[in-house]
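# Coordinate inspection notes
What follows is each chain in one-letter form.
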Amino acid sequence: MSTETPFHIDIPQAELDDLRDRLARTRWPDGLPGVGWSYGVNKDYLIELVEHWRNGYDWREHEARLNKVPQFTTTIDGQNVHFLHVRSPEPDATPLIITHGWPSTVYDFLDILGPLTDPRSHGGDPADAFHVVAPSLPGFAFSGPTRETGWGVNRTARAWAELMRRLGYHRYGAQGGDFGSIVSPEIGRTDPEHVIGVHVNALANAATPVDPSELDTLSEADREQAGQNQMWWYGRSGYATQMSNRPQTLAYALNDSPAGQLAWNLEWFVDWDPARTEQTPIDRDVILTNVTIFWLTSTAGSAARLYREAGPESWGRRPEPAPVPTGVANFPGDRAIRGLAELSNTITHWSRHSRGGHFASLQAPDLLVADIRQFFRTVRPR
């Protein structure tokens, strides 16, 4: 029996006024001349974005856009879970649970919900339709905060399987990007008798070996790529190191300074230097909507805890092979190596795209939807 409660976002104006006041009183640090983004988020870029957040950005517009989508909350394993649930008009649609990553929210999915649930109205084949469930990760946004330890990848996967059971979906697919690319295959390991297939983008745990012996399984080209990936990650992993070790220390700063929270989240959204990235730029109001949601729900610190909670089961070990068919879509900026992905997944689909980026639902929603459709045609019951 489903126990979901309809959910509607209605932020008090006083909270929006407080946000603008805090932005106006930002205490800016100094910055070195001529270093661009090499020391972190560029100060001039951030000052301009904060000014737009304070005087140009309209939260109510994006709040209304979210409220057009059916939203619900429920309690699973003692934790509040917020989720979008959009049923397709096609009676034979395939249920699909999609999971975002960090520093995202379910807002990232708004451009793909229509094409996924109603392909007939978007120039597609109605046979490709999905009933879409998109939960907010435990501790994130309207699912947060978490109230106890232990909400790592495995527990989240079990909760998502329970959510699909409650909604009456006994055979379903899973999709996810970034942290969702770790959670979604885990659903396949947790609930293989009900999961027909898993599709991921921005596959996060197949770029570098967790043990040197894994290099022996790779081609020379892939070993070289793994080495490059390790150097790349060494230069960009400071955020993950902090969140996976001392997230509470970070939480005090993020929860007190909206400009600080924006800077912390911004690096991934702009791929460090928006002037030189190979990725498709993300609209600044989309970035600000994600950050505003974290700010208004006071969950930046709670979301950061996921990295520590996931540590024992996700960092430094290779997951057990997922028995269900798995498809991987790779976009610019993604660094997954198929040989490493195959150590823990049953890969039946592997694609590369020349545009988009790490946040494919925002940067190339048409390509992501097409790739999801293509993969699930191969596993959908006939």
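Residues numbered from 1 in each chain as written. Predicted model: local features only at pLDDT ≥ 70, side-chain atom pairs only at ≥ 80, totals over all residues. Heavy atoms only, no water.

For the chain, the name recorded in an unreviewed UniProt entry is Epoxide hydrolase N-terminal domain-containing protein, with Streptosporangium album as its organism.

A few words now on unusual backbone geometry. Here the amide bond leading from Trp 102 into Pro 103 is cis, since omega sits at 0°, within 30 degrees of zero. Mapped onto the elements, Pro 103 comes out in the loop between β4 (94-99) and α4 (110-117). Backbone torsion omega between Gly 144 and Pro 145 reads -5°, so that peptide bond is classified as cis. On the secondary structure map, Pro 145 appears in the loop between β5 (130-135) and α5 (153-166). Even without being glycine, Ala 202 reaches a positive phi, approximately 50°. One non-glycine residue, Ser 298, lies in positive phi territory at about 55°. Position of Ser 298 relative to the elements: it lies in the loop between α11 (284-297) and α12 (300-314). Judged by its relative accessible area of 43%, Ser 298 is partly exposed. (Helix = DSSP H or I, 4+ residues; strand = E, 2+ residues; numbered from the N terminus. Buried < 20%, exposed > 50% of the residue type's maximum accessible area, 1.4 Å probe, protein only.)

A few words on the UniProt feature "active site" (unreviewed entry) in the chain. Under the UniProt annotation, "active site" (unreviewed entry) lies at Asp 178, Tyr 307 and His 358. Note that Asp 178 resides in strand β6 (residues 172-178). For Asp 178, a relative accessible area of 12% puts it in the buried group. Other than its neighbours up to four places away in sequence, Asp 178 contacts Gly 101, Trp 102, Asn 201, Ala 202, Ala 204, Tyr 307 and His 358. In terms of polar contacts, Asp 178 uses its side chain to reach the backbone amide nitrogen of Trp 102, at 2.9 Å. For Tyr 307, the position within the fold is in helix α12. By relative accessible area, Tyr 307 is classed as buried at 4%. (UniProt positions renumbered as here; feature names shortened; annotations may be inferred. Contact = heavy atoms within 4.5 Å. Polar contact = N/O pair within 3.5 Å; in protein donor to acceptor, adjacent residues only side chain to side chain.)

Our focus in this paragraph is the UniProt feature "domain: Epoxide hydrolase N-terminal" (unreviewed entry) in the chain. According to UniProt, the "domain: Epoxide hydrolase N-terminal" (unreviewed entry) feature falls on residues 5-109. Helix makes up 32% of residues 5-109 and strand 21%. Its end C-alpha atoms lie 21 Å apart.

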